[in-house]
Amino acid sequence: MPSEPEKVFNPHADVASKAYINSMQQYQEFYQQSLENPAQFWANVAKQFHWETPYDPKNFFSYNFDISKGPIYVKWMEGASTNICYNLLDRNVKNGLGDTVAYYWEGNHPDDYSRLTYRKMLEEVCRFANVLKSHGVQKGDRVSIYMPMTMELPVAMLACARIGAVHSIVFAGFSSDSLAERMHDCQAKVLITADGAWRGEKILQLKEICDIAMDKAEELGHHVQTCIVVSHINRVTPGKEDWDERTTLISSVLQTPWRDGRDFWWHQEMEDAEPACYPEWMSAEDPLFMLYTSGSTGKPKGVLHTTAGYLLYAATTFKIVFDYKPLDIYWCTADIGWITGHTYVLYGPLANGATSVMFEGTPFFPDTDRYWEIIDKYKVTQFYTAPTAIRSLMKFGDEPVLKHDLSTLRVLGSVGEPINPEAWLWYYRVIGKERCSIVDTFWQTETGGHVITPLPGATPMKPGSASFPFFGVKPTLLDESGTEIKGEGEGYLVFSQPWPGMMRTLFNNHPRYESTYFSKFNGYYCTGDGARRDADGYYWVTGRVDDMLNVSGHLMSTSEVESVLTEHKRVSEAAVVSRPHPVKGECLYCFITPNQNETFDKTLISELKVLVRERIGPFAQPDVIQHAPGLPKTRSGKIMRRVLRKVAINDRDVGDTSTLADEAIIEQLFANRPTN
């Protein structure tokens, strides 16, 4: 397709000069080492951590990706033992970081804030580890966690890790059905939650949801023995000091039905708990945590990560990709209920002795400048958020940003989906003032950490490209027949060898693990995503493979068309799916959300068709452009495209929608379908 030459943005000289990896030549040297001798490369990383039983450099890793040769497996540092909590807390305290702030906690309202040092966190983790032990939790038991972003959340996770229990976090926005299904599947012995949480001026009654979920789990055949509840609502303000309803709402939460013998208050349990707990030494391949992700069949998959390899990969990707240095202040806006929160709010930062901001609120409360206010307040140096958030904040223009001093920022991160060039450029120019590097990170729950990403001091940036693989990661592009695509081209994104942080199995379902990730292309881990490699070797992730569009023999990605549509000044968001067409095979069906105070009319439709035609080509002109007051998104902000495909063909059998943030949007979309 004809287009102007791609603009490349080089890292700012100030960023590059101080970076761990400060040139593409240096990146290539390290990258080649990591592929040619992965054992030596990762053993060098492992030296910084404590190993109760030393690892054997000669038996550092083994794997099989070939189903014909037996079961699929990945093993790193087999025979070694350690404890990840010990490495994140005890090791840092012994290294002199006891009084260093691990987390600045910022609540729903700017008046709610606190901090926790490494020494104090170690004490709290040990106390809660002893609480869990007093409730019969042992090595290998599963503990479900359904909590807001309070400081008790990382304490609970690390307490599990300290005693060898496997934590299974369910984002505290999922329904009671979803929580029940996950607790039943992992056979959770204990559930940890809070009485509730504030979202702006709205209160979420989490304990009530948990009560329903525990009853439903019982109906499914699993009894949750213990529920430990954090008293959170009455210690924070909803944002209005004179809000009369606050007392009534808090009272209603605290009157939530309580089952004696099962339910226990966190603070009461902690009162007499000892602030010391000897760590359980875990084998390198012992489970650390499991995290459920959506499955194509509708049944969630319990992605299982293990101890040693995940520690190495989380620590290394965090340090190198964000170029974290002592005295930096890092902020990832993700909820810990998602993998981004696991790796880049908890495990990666703490493994590096980092100081992080942990945020419970929303970007829009009490005002639309909340993110920029927090960056200014804590002098944040690395900021990591999602394209959905960036696009949402773009709608309010530059004024909310310009009210604050963002000059401490050095690295800006993007995560969760490919970022469209328009949002990238706004992020770069308005937030980063053209001084910051943008790390557009591609990875998955299954990969454990970044697998394709720019490095802030080395990689010339192309807006919208995830750029190059991280150390130890070997991507390949395959066509539908499994033939490797050399050089420039587009196809299935797969990996031919393992890296330390990748998943090991699906909990209690290894056959599904093998069939989902290794059966389509034998010998490769299949991401389920498509990617394009350009003439310079940059990777452009094009989205899930079933989001690829084939119109009149032309292969294109939904993100490619969406990027063009969102360039229009009246458009806030766009989502594109395919619809069967008698002549073209498939045609483009586009859903458009206009900016605030903008109307959706025939003029906009016409301008968008012309824009796509001009930017991509006549073959890509959409057949249908529909008004979408909102898009069907999961609570993590991802668009559920299978729902949009159902709307496009007017099929109301949309399947399971329990993970949607707003199910009511589906009916609105069906009502807005064009009649012609």
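Engineer: Can you walk me through the side chain of K462 in this structure?
Structural biologist: Mapping K462 onto the fold places it in the loop between β20 (437–440) and β21 (475–478). A relative accessible area of 3% means that K462 is categorised as buried. In terms of polar contacts, K462 uses its side chain to reach the side chain of D534, at 2.8 Å.

Engineer: Is there a simple way to explain helix α11 (residues 308–321) in this structure?
Structural biologist: Count 3.6 residues to each turn of an α-helix, and residues three or four apart come out pointing the same way. If you check α11, its first and last C-alpha atoms are 20 Å apart, about what 14 residues at 1.5 Å a residue would give, namely 20 Å. Of all 14 residues in α11, 13 are buried, a share of seventy percent or more. Directly after α11, the chain includes D323, whose backbone phi takes a positive value near 50°.

Engineer: Looking at this structure, I do not really get the packing of helix α4 (residues 84–97) against helix α12 (residues 339–351). What am I missing?
Structural biologist: Between two packed helices, both the angle of their axes relative to each other and the distance between the axes serve to describe the pair. It is at 9 Å that the axes of α4 and α12 come closest, and there the two elements cross at 50°. Overall, the two elements α4 and α12 adopt an arrangement that is oblique. The hand of the α4/α12 crossing is left-handed. Where α4 approaches α12, its residues I84, L88, R91 and N92 are matched on the opposing element by L346, Y347, L350 and A351.

Engineer: In this structure, what is going on with the nonpolar core? I would like to understand it.
Structural biologist: Looking at soluble globular proteins, one finds that nonpolar side chains tend to be buried together. F60, M77, F128, L132, L158, I192 and Y347 are the most contacted members of the largest nonpolar core, which has 151 residues in total. The leading source of residues in this core is α11, at 10 residues. Those residues within four positions of L132 in sequence are excluded, and the remaining contacts are V137, A159, C160, I163, V190, I192 and I228. If you look at the next biggest cluster of nonpolar residues, it comprises 33 residues, including F9, W372, I375 and I419.

Engineer: Got a minute to help me understand the state of the cysteines in this structure?
Structural biologist: Working definition: the covalent bond between the sulfur atoms of two cysteines is a disulfide. According to the stated counting rule, one finds zero disulfides in the structure shown. No disulfide involves C186; its sulfur sits 11 Å from the nearest other cysteine sulfur, which is in C160. This cysteine, C332, is not joined by any disulfide, and C436 carries the nearest cysteine sulfur, 16 Å off.

Engineer: Can you help me understand the side chain of H450 in this one?
Structural biologist: Positionally, H450 belongs in the loop between β20 and β21. Not counting residues within four places of it along the chain, the set of residues in contact with H450 comprises Y313, T317, V321, F322, Y344, Y384, T441, F442, W443 and F470.

Engineer: Any chance you could explain the sheet that holds strand β12 (residues 263–265) here in plain terms?
Structural biologist: What links the strands of a sheet is backbone hydrogen bonding, and the strands pair in either a parallel or an antiparallel sense. In spatial order, the strands read β12-β11-β8-β6-β7-β14-β15-β23; together these eight strands make up an open sheet with mixed pairing. Single-partner strands in this sheet number two, and they are β12 and β23 (505–506). As defined by bridge partners, strand β6 (residues 142–146) adjoins strand β7 (residues 166–169) across four bridges and the pair is classed as parallel. Within β7, the position partnered with V143 by the bridge is H167.

Criteria and cut-off values
- Residues numbered from 1 in each chain as written.
- Predicted model: local features only at pLDDT ≥ 70, side-chain atom pairs only at ≥ 80, totals over all residues.
- Heavy atoms only, no water.
- Helix = DSSP H or I, 4+ residues; strand = E, 2+ residues; numbered from the N terminus.
- Buried < 20%, exposed > 50% of the residue type's maximum accessible area, 1.4 Å probe, protein only.
- Polar contact = N/O pair within 3.5 Å; in protein donor to acceptor, adjacent residues only side chain to side chain.
- Expected span 1.5 Å × (residues − 1).
- Axes fitted to C-alpha atoms, helices over the stretch in contact; angles between N-to-C directions.
- Parallel < 35°, antiparallel > 145°, perpendicular 65-115°, else oblique.
- Left-handed = near helix turned anticlockwise from the far one by under 90°.
- Contact = heavy atoms within 4.5 Å.
- Core = buried A, V, L, I, M, F, W, Y, C linked by side-chain atoms within 4.5 Å.
- Disulfide = S-S within 2.5 Å.
- Pairing = 2+ DSSP bridges.

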